[in-house]
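# Examining the three-dimensional arrangement
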Amino acid sequence: DVLFFTNYGKVYRIRGHQIPEYSRTSKGIPAINLLKMDQDEKIRSIISINNKSNELTDEHSLVFVTKQGITKRVYLSEFARINQNGKIAIGLKEDDELIDVKLTDGNAEIFIASSNGKVVRFNESDVRCMGRTASGVKGINVGDGEVVGVATSLEGKYILVISEYGYGKMSAMEDYRLTKRGSQGVLTIKTSDKNGNLAKIVAVDGEEDILVVTNLGIIIRTSLKEVKVAGRNTLGVRI
């Protein structure tokens with residue numbers, strides 16, 4: 001099964017075989033043809049749930065992060081049944097929206113990035129599990145920025161950061177000081193007129209290829225071996 005989470009804080013669930021397979025250059029079909037989304041809803045996160053190998057347990061949960069830095073954790077079992085019209089997954093304030101959702105095992109460390117170039121790192125256990133409609137608690141103090149990405153320690157050993165104008169670098173997860181949730185975090189990349197604000201963070205192992213997609217739909221594939229490992233407070237290289 002595949003869970004689709006939208007900016008409105010709703011979740012939809014469909015079978016993987018219901019998603020048609022197309023060529024790389026085809027346009028695909030509108031998501032609204034598969035999901036009964038509202039007109040202004042946008043998909044923010046997609047999580048594949050495959051428990052045939054019994055790898056998922058009652059301790060697995062979903063961690064939600066909103067644009068304003070609100071974080072919430074819900075047991076995965078809360079989403080066992082979802083009707084075609086979707087289900088509320090997180091209660092949002094009027095001027096907030098969901099940015100990303102991560103599947104965790106109860107012992108992960110969470111990394112939340114703000115557009116001002118800062119990242120906070122904390123244990124997911126700092127956020128107790130709540131009901132579906134709860135709003136959550138402050139995960140990061142975004143200051144004058146907004147949340148642009150989320151990563152977990154289950155996904156890799158480096159944090160890859162990319163700025164608006166295509167600059168990026170990798171830093172070891174240990175370079176980020178472990179703090180309590182709700183802090184401003186530490187600087188992960190220098191933001192300037194040259195490289196723009198922080199656009200995305202991803203947890204990687206350093207051996208993968210990455211696909212970077214622009215707002216115009218242009219995609220570039222790059223080996224992470226060509227992206228240097230650098231300290232947090234640096235500019236990075238053009239990706």
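Preceding this paragraph is the structure being described.
All values derive from a computational prediction rather than experimental measurement. (Residues numbered from 1 in each chain as written. Predicted model: local features only at pLDDT ≥ 70, side-chain atom pairs only at ≥ 80, totals over all residues. Heavy atoms only, no water.)

### Notes on the overall build of the chain
Scanning the chain for helices and strands turns up 0 helices and 18 strands. What you see for the chain is a C-alpha radius of gyration of 18 Å, in line with the 18 Å of a compact globule of 239 residues. With 239 residues in all, the chain has 44% of them scored as buried. Considering only contacts within the chain whose residues lie at least 6 apart along the sequence, 72% involve residues at least 24 apart. Of the charged side chains in the chain, 34 are positive and 30 negative, and the gap between their average positions amounts to 1 Å. (Helix = DSSP H or I, 4+ residues; strand = E, 2+ residues; numbered from the N terminus. Rg over C-alpha atoms; globule rule 2.2 N^0.38 Å. Buried < 20%, exposed > 50% of the residue type's maximum accessible area, 1.4 Å probe, protein only. Contact = heavy atoms within 4.5 Å. Lys, Arg positive; Asp, Glu negative; His and termini not counted. Charge placed at Lys NZ, Arg CZ, Asp CG, Glu CD.)

### With respect to the nonpolar core
Judged by nonpolar contacts, the single largest core of 15 residues is most densely connected at Leu 3, Phe 5, Val 11, Leu 62, Phe 64, Phe 79 and Val 101. Of all the secondary-structure elements, those providing two or more residues to this core are β1 (2-6), β4 (61-66) and β7 (98-104). In this structure Phe 64 touches Phe 5, Ile 70, Thr 71, Lys 72, Val 74, Phe 79, Ala 89, Ile 90, Leu 98, Asp 100 and Val 101, once residues within four positions along its chain are discounted. Membership of the second largest hydrophobic core comes to 14 residues, among which are Ala 151, Val 161, Met 173 and Ile 201. (Core = buried A, V, L, I, M, F, W, Y, C linked by side-chain atoms within 4.5 Å.)

### Let's talk about the sheet that holds strand β10 (residues 137-138)
The strand order β7-β4-β5-β10 describes an open sheet built from 4 strands, whose pairing is antiparallel. The sheet is open, and its two edges are formed by β7 and β10, each paired on a single side. Sheet topology places β4 next to β7; 6 bridges connect them, and they run antiparallel. In the sheet register, Phe 64 faces β7, and the bridge partner there is Val 101. (Pairing = 2+ DSSP bridges.)

### Points about the pairing of strand β11 (residues 147-152)
When you tally the buried positions in β11, you get 6 out of 6 residues, the bulk of the element. Bridge count between strand β8 (residues 109-114) and β11: 5 bridges; the pairing is antiparallel. Residue pairing for β11: Ser 114 is matched across the bridge by Val 147.

### What to know about the side chain of Lys 169
With respect to the helices and strands, the residue Lys 169 is situated in strand β13 (residues 167-172). Despite its burial, Lys 169 remains without a salt bridge, the nearest opposite charge being carried by Asp 175 at 8.1 Å. (Salt bridge = Lys/Arg side-chain N within 4 Å of Asp/Glu carboxyl O.)

### Brief notes about the packing of aromatic side chains
According to the stated counting rule, one finds 4 aromatic pairs in the structure shown. The interplanar angle of 40 degrees and the centroid separation of 6.2 Å between the aromatic rings of Phe 64 and Phe 79 together place this pair among those described as tilted. Here Phe 64 is found in strand β4, whereas its partner Phe 79 is found in the loop between β5 (70-75) and β6 (87-88), with 15 residues between them in sequence. Neither Phe 64 nor Phe 79 differs from the other in exposure class; each is buried. Geometrically, the ring pair formed by Phe 111 and Tyr 176 is edge-to-face, given 6.0 Å between the ring centres and 85 degrees between the ring planes. (Phe/Tyr/Trp six-rings, centres within 6.5 Å; stacked < 30°, edge-to-face > 60°.)

### Topic: the sheet that holds strand β2 (residues 10-14)
Read from one edge to the other, the open sheet built from 4 strands follows the order β3-β1-β2-β6, with strand pairing classed as antiparallel. The strands lining the two open edges of the sheet, one partner per strand, are β3 (43-48) and β6.

### Details of a nonpolar patch on the surface
Together, Ile 19, Tyr 22, Ile 29 and Leu 34 line one region of the surface with nonpolar side chains, adding up to about 320 Å² of accessible area. Relative to the helices and strands, Tyr 22 resides in the loop between β2 and β3. Overall, Tyr 22 belongs to the partly exposed group, its relative accessible area being 45%. (Patch = residues over 30% accessible without salt bridge, like charges linked within 9 Å, V, L, I, M, F, W, Y side chains within 5 Å. Areas by Shrake-Rupley, 256 points an atom, 1.4 Å probe, with all protein chains shown as cover.)

### A look at the environment of Asp 38
Note that Asp 38 resides in the loop between β2 and β3. Residue class for Asp 38 comes out partly exposed when judged on its relative accessible area of 41%. Between the C-alpha atom of Asp 38 and that of Leu 98, which follows or precedes it by 60 residues, the distance is 15 Å. Beyond its immediate chain neighbours, meaning those up to four positions away, Asp 38 contacts Tyr 8 and Tyr 12.

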